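Letter by letter, the chains look like this.
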There are 2 protein chains.
Amino acid sequence: MIQLDLNNAASFLSQDWLTSRQDRLEKARVMLEEGNGPGGDFTGWVHLPRDYDKVEFARIQKAADKICTDSQALVVVGIGGSYLGARAVVELLRSPNYNLKKKDTPDIYFVGNGLSTDALIETIELVKDRDFSVNVISKSGTTTEPAVAFRIFKSLLEEKYGKEEARRRIYATTDAHKGALKGLADKEGYEEFVVPDAIGGRFSVLTAVGLLPIAVAGIDLNALMGGAAEAMEALAVPGLDNPAWQYAAARHALYESGKSTELLVGYEPSFRFFAEWWKQLYGESEGKEGKGLFPASVEFTADLHSMGQYIQQGQRIMFESVVSFQNSLGSYTIPNDPENVDGLNFLSGKPLSFVAEQAMRGTILAHMDGGVPNIIIKADRRDERTVGQLIYFFEYACGLSGYLLEVNPFDQPGVEAYKKNMYALLGKPGFEEQKAALEARLNG
Amino acid sequence: MIQLDLNNAASFLSQDWLTSRQDRLEKARVMLEEGNGPGGDFTGWVHLPRDYDKVEFARIQKAADKICTDSQALVVVGIGGSYLGARAVVELLRSPNYNLKKKDTPDIYFVGNGLSTDALIETIELVKDRDFSVNVISKSGTTTEPAVAFRIFKSLLEEKYGKEEARRRIYATTDAHKGALKGLADKEGYEEFVVPDAIGGRFSVLTAVGLLPIAVAGIDLNALMGGAAEAMEALAVPGLDNPAWQYAAARHALYESGKSTELLVGYEPSFRFFAEWWKQLYGESEGKEGKGLFPASVEFTADLHSMGQYIQQGQRIMFESVVSFQNSLGSYTIPNDPENVDGLNFLSGKPLSFVAEQAMRGTILAHMDGGVPNIIIKADRRDERTVGQLIYFFEYACGLSGYLLEVNPFDQPGVEAYKKNMYALLGKPGFEEQKAALEARLNG
């Protein structure tokens, strides 16, 4: 299971950093367990690894198998939580070069998560001459970015295969009962999967939202859910040795001591998008009412040669949370160089992972010496089970953290602000007055 | 040329934010111009777009042509400034999916910028059965990450082609006179390019360090350098309407007013690594002596659905610097949907870029209303000339910014700390005592 090493944060924390938060953690635990705290209607993720819909789960796997058989590419239409979780898991467990690699499973393209014309045209070029399917993921079906992309890729499918076959290549992950996409899916007869009411986007990776693309990448869903279930059981047990309690309490204590920024640190390029998923999870859950740690991320050792200087000697505003996977999947031995041109023969014959391990250990001490507390989150081998554990660990600790911070960790009231302005500026019917006011400000 | 729009930052700045910094900016300008300020030995980039070595420039283009002829892939070995600039420009001008796209130029793989065993093995798999060349970029030749990677890819080349042909496929970008890699390159007869003494890694993208990989991607070096030269001329002119003066002064004023974090905002997925290059440039130049803005980045509109909540309502510690390219390269018209399922027919027939433009305008106002100052950096069409301008703009403004902050913007003393610890823990000869001490702390 996930373990926490706080040895390199302890000197920055008061002696009672954990015990003084015990009562609040226990209250938070009960609120998550019973769904009766702020945002309690959105705690469906808490027991998801136990209570998930087994029938739908089997359908997801079957749909993935069909896509693997009839498609060279899957186009995933979704934004925010409707793509970050899937992309995070696919990159972490397969590779950020997943689409480049030789493999038995389809390429996966994530679209509808922005408004770049050039990125859209590029993806069209990459898929249009190949057999492909579309997984459109949207609770409402009316969010601008995915809705526009779905119009386009639906048309592409219909042009390529005709309306009937296109319908069989569209998988709609949407509200169970209502909404524009639900209505269309019912009418057209798309295979449908559910975005549950009780689970917000950023907590949805282990629902159909994340699982269908993840399964198409050939990732073992049972192992992933199994890992999450293990974490669910372990982290439900109250106590000061609970790693989620420790993580939530340590980051809250560091926040209260004046740190404004948490840096999630990974040592694998494949971890980059998992960090993006984490940023949404924590930033959107905590960043409200003028509160919350600013979530940022780095990829070491690469970024030790870019952000490293700042972390070592810049403003002392951050702490680091380092995710460390035990052992690499593969192994590579550093070759000997008879001429020892680079002076590194003292490493010859050693595994590269040994060098990486020492780089991590050395960095943690260096940064601690520079005044940056380090929390180390130790995970096992980078496989499905471990990633399932890690997802649940971060989700559960996020729920606890939000309650320690005394916010509703499950809403996102600030996300509407840009949308309203955008709708008005786009000339959406009903926004005429706002449009005039905004244009006046922009031109004034 | 690059232009600054400060209308959405003005209300957060005192009336004299610019005039009160005029004298300091003028002093900074002179120090950059004459190379006599702190770190003045590393201001070779200031006149580089005029003074660059035209003979070497032609050799770079010729080497790139050879690589395009005899290689399906180029492996670029380098860390920090020895890969970020090239990767940033290749992604921004070609695509983050450059390696996936059909094209006339070789794939490019960046290695030696970390210690991940799995990423290394993956890249070996991706290139070993194809014709490839190696560009090793290291001033010393002894930095651990690139040195280890170079050992491995040099061996691969030698196994594949024999020693003699391998030599013709290795391009060494290194010190002009000394160092391990220089010695090896001389002895083996590699084609050599120069990492200039007077230009630090993070300012080196327009030297051979960046230009060879950039040229291999089919990017027009003359246009890129031409854009940089235009910016050099324009930004050398002192005055309060100089956009680099404005950017340096505005961010310094916001820093002094209490903002700790600068978010670089792009609206194109292809901008993601340019933002990483920018983070190194500013973070490493300013993050010292407990000072400096923490550099972070987001990709909109995608991240409006992840980091957007925090930016709108979290701690009020940041401002945004938005890089806005005028017009997309391509154009795509939003199709009509007779049934208007998503309610977006008010956009039918409009170009997608219009929607993106309104999203940006709406977001800037929303964030400003949320207490986040917005600086808008307006660039022309996303082409070589504009990117050359943008690179020089950020470099020059960074030099000014460092001097306003009263640091040496051209050193990076904090980068050594992790290296020393790592060497000791790895058992490098000469570090025995430190090793024992560090192990004791780690086990303690």
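Above: the structure in question.
Keep in mind that what you see is a predicted model, and the values were worked out from it rather than measured.

S.K.: Looking at this model, I keep getting lost on the relation of the copies chain A and chain B. Mind explaining?
M.R.: Taken together, a rotation about one axis and a shift along it account for how the two chain copies relate. With an RMSD of 0.0 Å, chain A superimposes on chain B once it is rotated by 180° and translated 0.0 Å along the axis. Such values leave the two copies arranged in the relation of a two-fold axis. In terms of C-alpha distance to the rotation axis, chain A has Leu100(A) as its closest residue, with the C-alpha 3.2 Å off the axis. Same-surface contact between copies: 100% of interface residues of chain A are shared with the interface of chain B.

S.K.: What is the right way to look at the packing of aromatic side chains in this model?
M.R.: For any pair of aromatic rings, geometry is given as the distance between the ring centres together with the angle between the planes. Considering all chains together, one arrives at 44 aromatic pairs over all chains under this definition. Ring plane angle 20° and centroid distance 5.9 Å describe the contact between Tyr392(B) and Tyr396(B), whose orientation is recorded as stacked. Of this pair, Tyr392(B) and Tyr396(B) both sit in helix α14 (residues 384–404), four residues apart, roughly one helical turn. A network of ring pairs unites the aromatic residues Tyr247(A), Phe271(A), Phe274(A), Trp277(A), Trp278(A), Tyr282(A), Phe325(A), Phe393(A) and Phe394(A) as a single cluster.

S.K.: Would you mind going over the pairing of strand β8 (residues 294–299) of chain A with me for this structure?
M.R.: Every regular strand shows the same layout, with side chains that alternate between the two sheet faces. All names here are of chain A. Most of β8 sits inside the fold, with six of its six residues counted as buried. Burial of the side chains of β8 extends over both faces: Phe294, Ala296 and Val298 are buried on one face and Pro295, Ser297 and Glu299 on the other. Traced from strand β7 (residues 261–266) through helix α11 (residues 272–286) to β8, the parallel crossover comes out right-handed.

S.K.: Explain helix α13 (residues 352–369) of chain A to me, please; I cannot follow it from the model alone.
M.R.: Helical geometry: 3.6 residues make up each α-helical turn, so side chains three or four residues apart lie on a common side. Residue and element names in this part refer to chain A. In a regular helix each residue adds 1.5 Å, so 18 residues correspond to 26 Å; α13 covers 26 Å between its end C-alpha atoms and thus fits that length. Most of α13 sits out of view: 14 of its 18 residues are buried. Downstream of α13 by a residue or two, glycine 371 has a phi angle that is positive, lying close to 95°.

S.K.: So what exactly am I meant to see when it comes to the side chain of Gln309(B) here?
M.R.: Note on placement: Gln309(B) falls in helix α12 (residues 308–313). Residue Gln309(B) is classed as buried on the basis of its relative accessible area of 0%. A polar contact of 2.9 Å, which involves the side chain of Gln309(B), links it to the side chain of Gln313(B). Apart from the residues within four sequence positions on either side, Gln309(B) is in contact with Gly283(A), Glu284(A), Gly287(A), Lys288(A), Gln412(A), Pro413(A), Gly414(A), Val415(A), Leu304(B) and Gly314(B).

S.K.: Mind showing me how you'd approach the sheet that holds strand β5 (residues 170–174) of chain B here?
M.R.: Hydrogen bonds along the backbone pair up the strands of a sheet, which may run parallel or antiparallel. All names here are of chain B. The strand order across the open sheet formed by five strands is β3-β2-β4-β5-β6, and the pairing between neighbours is parallel. Two strands in the sheet have a free side with no partner beyond their single neighbour: β3 (107–111) and β6 (191–194). Adjacent strand axes in the sheet meet at a mean angle of 20°, parallel and antiparallel pairs treated alike. Alignment of strand β4 (residues 132–137) against β5, held across four bridges, turns out to be parallel. When the bridges of β5 are listed, isoleucine 137 appears paired with threonine 173. Set on the sheet, helix α5 (residues 117–127) makes contact with β2 (73–77), β3 and β4; between it and β3 the angle comes to about 155°. On the sheet, helix α7 (residues 180–188) packs against β4, β5 and β6 and is oriented at approximately 145° with respect to β5.

S.K.: Looking at this structure, I do not really get the packing of α13(A) against helix α16 (residues 432–443) of chain B. What am I missing?
M.R.: Packed helix pairs are characterised by how far apart their axes lie and by the angle those axes make with each other. Here α13(A) crosses α16(B) at 85°, and the two axes come no closer than 11 Å. Classified by the interaxial angle, the pair formed by α13(A) and α16(B) is roughly perpendicular. Judged by residue contacts, Gln358(A), Arg361(A), Leu365(A), Met368(A) and Asp369(A) of α13(A) engage Leu438(B), Glu439(B), Arg441(B), Leu442(B) and Asn443(B) from α16(B). Of the residues assigned to the contact of α13(A) with α16(B), the class counts are four nonpolar, two polar and four charged.

Reading the values: rules and limits
Residues numbered from 1 in each chain as written. Chains lettered and ligands numbered in written order. Predicted model: local features only at pLDDT ≥ 70, side-chain atom pairs only at ≥ 80, totals over all residues. Heavy atoms only, no water. Least-squares fit on C-alpha atoms with pLDDT ≥ 70 in both. Contact = heavy atoms within 4.5 Å. Phe/Tyr/Trp six-rings, centres within 6.5 Å; stacked < 30°, edge-to-face > 60°. Helix = DSSP H or I, 4+ residues; strand = E, 2+ residues; numbered from the N terminus. Buried < 20%, exposed > 50% of the residue type's maximum accessible area, 1.4 Å probe, protein only. Right-handed = clockwise from strand over helix to strand, strands pointing away. Expected span 1.5 Å × (residues − 1). Polar contact = N/O pair within 3.5 Å; in protein donor to acceptor, adjacent residues only side chain to side chain. Pairing = 2+ DSSP bridges. Axes fitted to C-alpha atoms, helices over the stretch in contact; angles between N-to-C directions. Parallel < 35°, antiparallel > 145°, perpendicular 65-115°, else oblique. Nonpolar A, V, L, I, M, F, W, Y, C, P; charged D, E, K, R; others polar.

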